[in-house]
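Chain by chain, the residues:
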Amino acid sequence: MNKAQSLTTRYDPRELSDEELVARSHTELFHVTRAYEELMRRYQRTLFNVCARYLGNDRDADDVCQEVMLKVLYGLKNFEGKSKFKTWLYSITYNECITQYRKERRKRRLMDALSLDPLEEASEEKAPKPEEKGGLDRWLVYVNPIDREILVLRFVAELEFQEIADIMHMGLSATKMRYKRALDKLREKFAGVAET
């Protein structure tokens, strides 16, 4: 066993901060993956929840999570730490969700265009009904994709507004404004449902 190998076996990854795990990954990858695996373990559940709420189904969310984990694995050596690891991770996640969402939308449009039966065409829409899901999922269908992502990053990933703004390449005030408007829209919708 050489000196580098003996150093990597003498730590418990669960006791290290994200920054320490990133530093270890810089020296260990691709021979040793302990630090990387711990980072993924810490964020795996939230990562999946963010993807599932954004994309609306578990199958696509699982695919995107796998893609994100691969991108993190191959990108970790180049991550410079200018932002928190968590922010960088969700930035990758956001971009992958957008890509998947566009892919699915194009596929749906193609299916609609190829469909000759209007009833079959209508069934392709498959928009989730609010009463089928509870909690946040129930209301996310009422906001546009950008506002949905802001709400998901805020409530599910528990990111600060500045982190969300960085991930979405928006100004801080624009992010806060969209967040507030989305919440106002949902409160309005909820008030209407509660009255009926």
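In this report, the structure presented in the accompanying data block is examined.

Definitions and limits used
Residue indices follow the written sequence of each chain, beginning from 1 at its first position. A pLDDT threshold of at least 70 governs which residues receive local features in this predicted model, and a stricter bar of 80 or more applies before side-chain atom pairs are shown or counted, although totals over entire chains, interfaces and linings include all residues. Note that the side-chain values use all heavy atoms of the structure and ignore hydrogens as well as water. For each residue, the accessible area found with a 1.4 Å probe, counting protein chains only, is set against the maximum for its type, and the residue is called buried under 20%, exposed over 50%, and partly exposed in between. Secondary structure counts use DSSP, requiring at least four H or I residues in a row for a helix and at least two E residues in a row for a strand, with both numbered from the N terminus. Here, residues are in contact when the closest pair of their heavy atoms is within 4.5 Å. When two cysteine sulfur atoms are found within 2.5 Å, that pair is recorded as a disulfide.

Time to look at helix α9 (residues 161-168). Of all 8 residues making up α9, 6 are buried, and the element is well covered by its neighbours. Every buried residue of α9 is accounted for by Phe 161, Glu 163, Ile 164, Ala 165, Ile 167 and Met 168. In the stretch just after α9, His 169 is the one whose phi turns positive, near 55 degrees.

So, about the side chain of Asp 18. Relative to the elements of secondary structure, Asp 18 occurs in helix α2 (residues 18-28). The exposure class assigned to Asp 18 is buried, which follows from its relative accessible area of 13%. Excluding anything up to four places from it in sequence, Asp 18 contacts Leu 39, Arg 42, Tyr 43 and Phe 85.

What follows deals with the state of the cysteines. Evaluated as defined, the whole model comprises 0 disulfides. Among the cysteines around Cys 51, which has no disulfide bond, Cys 97 carries the closest sulfur, lying 3.7 Å off. The exposure class assigned to Cys 51 is buried, which follows from its relative accessible area of 0%. Left unpaired, Cys 65 is separated from the closest cysteine sulfur, that of Cys 51, by 3.9 Å. Among the residues examined, Cys 65 registers a relative accessible area of 3% and is labelled buried.

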